[in-house]
Amino acid sequence: MAEQKNSSSPSEDGILLYYKYAEIPDVNNLVEFYNSNCKSLNLLGRVRIAPDGVNVTVGGKLAALEKHIEDVKLNDLFQGTDFKLASCDSPSNEKIAKECGFTSLSVRVVKELVTFSSQPLLESPAISNAGRHLSAAEFHSVLHSAGNNLESEGQSGSKQLILLDARNVYETRIGKFENSNVETLDPEIRQYSDLPSWIDSHAEKLQGKSVLMYCTGGIRCEMASAYIRSKGDGFENVFQLYGGIQRYLEQFPDGGFFKGKNFVFDHRISVGSSSADVVGSCLLCGSSFDDYSSRCRCTYCRMLVLVCSSCQMKDDVDYVCELCKKQSKMVESVSAIGNNINPRGSTPVNGSGVVELESTMLCKDITSAPENFEGHGNRPSKKLRILALHGFRQNASSFKGRTASLAKKLKDIAELVFIDAPHELPFVYQPRTTETNTCSSELETRKGPPPLEKCKKKFAWLVAEDFNFSTGKDWKIADQPFDPLQYRLQTGGYDASLAYLKDVFSKLGPFDGILGFSQGAAMAASICGRRGKSDDEIKFKFAILCSGFLLETKDFERGLINCPSVHVFGNGGQGKDRQIARNTSMELANKFEKSCSLIIEHESGHIIPTQSPHIDHLKAFLVRFL
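Residues numbered from 1 in each chain as written. Predicted model: local features only at pLDDT ≥ 70, side-chain atom pairs only at ≥ 80, totals over all residues. Heavy atoms only, no water.

Caption draft 1: A look at the confidence of the model for the protein. Overall, the predicted model of the protein reaches an average pLDDT of 78, with 73% of residues at or above 70. Low pLDDT (under 50) marks residues 151-158, which in the prediction has 11 contacts with non-local residues, meaning those over four places away or in another chain. Across residues 433-446, confidence stays below pLDDT 50; counting only partners more than four residues off in sequence or on other chains, it has 17 contacts. (pLDDT = per-residue confidence, 0-100. Contact = heavy atoms within 4.5 Å.)

Caption draft 2: Region of the structure containing the sheet that holds strand β5 (residues 105-109). Spatially, the five strands line up as an open sheet ordered β4-β1-β3-β2-β5, and their pairing is mixed. For this open sheet the edge positions go to β4 (84-87) and β5, each flanked by a neighbour on one side alone. On average, adjacent strands in this sheet sit at an angle of 10° to one another, irrespective of strand direction. Of the strands in this sheet, β1 (13-21), β2 (44-50), β3 (53-61) and β5 touch helix α1 (residues 27-40), which is tilted by about 175° from β5. (Pairing = 2+ DSSP bridges. Helix = DSSP H or I, 4+ residues; strand = E, 2+ residues; numbered from the N terminus. Axes fitted to C-alpha atoms, helices over the stretch in contact; angles between N-to-C directions.)

Caption draft 3: Highlighting the pattern of salt bridges. Following the criterion strictly, the structure yields 18 salt bridges and no others. Here Lys 61 and Asp 13 are joined by a salt bridge, their closest N and O atoms 3.1 Å apart. With Lys 61 in strand β3 and Asp 13 in strand β1, the pair connects residues that are 48 residues apart, well separated along the chain. Among the residues examined, Lys 61 registers a relative accessible area of 42% and is labelled partly exposed. Residues Asp 200 and Lys 231 are paired through a salt bridge, measuring 2.9 Å at the closest nitrogen-oxygen approach. In this pair, Asp 200 is assigned in helix α6 (residues 195-201) and Lys 231 in the loop between α8 (219-229) and β11 (238-241), connecting sequence segments 31 residues apart. (Salt bridge = Lys/Arg side-chain N within 4 Å of Asp/Glu carboxyl O. Buried < 20%, exposed > 50% of the residue type's maximum accessible area, 1.4 Å probe, protein only.)

Caption draft 4: Representation of the sheet that holds strand β9 (residues 183-185) within the structure. Within the open sheet, the five strands sit side by side as β6-β11-β10-β7-β9. Their pairing is parallel. Both outer strands of the open sheet, β6 (132-134) and β9, are each paired with one neighbouring strand and no more. Neighbour to neighbour, the strand axes of the sheet diverge by 30° on average, direction disregarded. As paired strands, strand β10 (residues 210-214) and β11 are joined by three bridges and run parallel to one another. Pairing of Leu 212 across the sheet is with Phe 239, part of β11.

Caption draft 5: Spotlight on the nonpolar core. Of all hydrophobic cores here, the largest spans 34 residues; its most connected members are Leu 387, Leu 501 and Phe 540. Looking at this core, the elements that each hand over two or more residues are β16 (384-389), β17 (414-419), α14 (494-508), α15 (519-530) and β27 (542-546). Ranked by the residues each element gives to this core, the list is headed by α15, at seven residues. Leu 387 has contacts with Val 417, Ile 419, Leu 501, Val 504, Phe 505, Phe 511, Gly 513, Ile 514 and Leu 515, leaving out every residue within four places of it along the chain. Counting 30 residues, the second largest nonpolar core, distinct from the first, contains Leu 195, Val 211, Cys 215 and Ile 219. (Core = buried A, V, L, I, M, F, W, Y, C linked by side-chain atoms within 4.5 Å.)

Encoded structure:
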């Protein structure tokens, strides 16, 4: 699409936005070009260059911007680029100019054109798999004829149409597409890197539907639509508004199906249609208001909030965004369940504390939230709550002791909740062989087994098929020496464990994630296979599976598992895991979608490693869910 034509004088100020996904053969050469070209034309703003493309937002005189476009087009890399050029006033004040990056020229090299996920170890979706582009006219036509089919090439059949807003919550609060015949999904996220988690946990709302995506200028839909389509069957019909809301408003100056204003990441702050509709409201008094020029921010998570001029005059008032309010209320309601159960003593209030600057191509800024959460009770710590499932013939107490180092390393971001498995195991021991004379040997129980009153009960998630579920009151001699591969014989008791976990989630939840070790990992993985079922009471965002193995249940028969996961196991080196072979854990890992799974291999045995770099990778994975 060609750049917007302007009838204004070239001496007027303007703004230019464009992006291009393409393999950059020489990043340094492109950096030199932008530094030289933009400085010679007196252009200010941001240029981000990654191996997979460029993202540019610059301002200056219209004539200079038009010359920049001509120069860029000389490079074959930019064939087909949509240059969005518009005349505009200069920044209204120095604060806005500085915050929006228009007091200088910043040309930087970044790893990714758009940081789609805060977890850099996860594989990015392929842009070549992005959803089909719809022009502004096509997008409008689809909404106008909502209820008719929207067919992808080579496919037919009626599919329900869903509108998906790929923007942050503060953007959607001043403008959005509305059509009474089409359901609109607003993820209500603070930052774009939260979108993958939302897609993962709401996949059932997208599967089998025709998904119509939109964002400010189109770049965020490229990556997000590819991510949705990468999920396979039922996720093929994804479409995106080419050029974003900006091109749509140019095509339909009266606003069309878009109500309100389009939030933009430059000193214009927002761009509206000829309609005077105001869809935003003041955070404090609720009056109609949609002006972010005051740059008011939530006291706790630093997200932009709408505060009218009158309310800005009030003294000693904290601005608490709707997401912080919502999460705080959730904490209070859950904490009131009772003293016998503490379901959410450490729910995060302000997310990760990571604030997205005013561009999809800028790095994130870390901000500290105040210690006191006035007006909402005691401010809970920012931690994830993870349910921990122990291995075979262990218990909650022993597993807690074995994972003490892990809990300590994760104490700032997560707390582990330990429970006993439902199947109590009998007390058994293995007699020792001692020589009674020089000619023979016999089995003897040197001093016998320890007193029962000093022994803690042992439990399992899975038991042998012939297990009679009788624990007994005395010690029993094992029928045979312990088999290091005994887990292969333990396939019974699954339904009882599943029902037990449903009860645990109901009474002790909610939980952000689930961690399983050995047999506990097998059980947790099976639960992952059920994730997303409409009748399932077990809900969580991620799984950590340590020395796990594949449990053949019907929940693994539905194809690849769509659940963010970490798979931790020994790699077969000197200290290889003699209980669960590497290939066995890898077989389990291969049952999970690679786009949302992480493998951490270590040199040790049947343990959960807590040394670097393994613990660093695990922390990086967990941070994305804060």
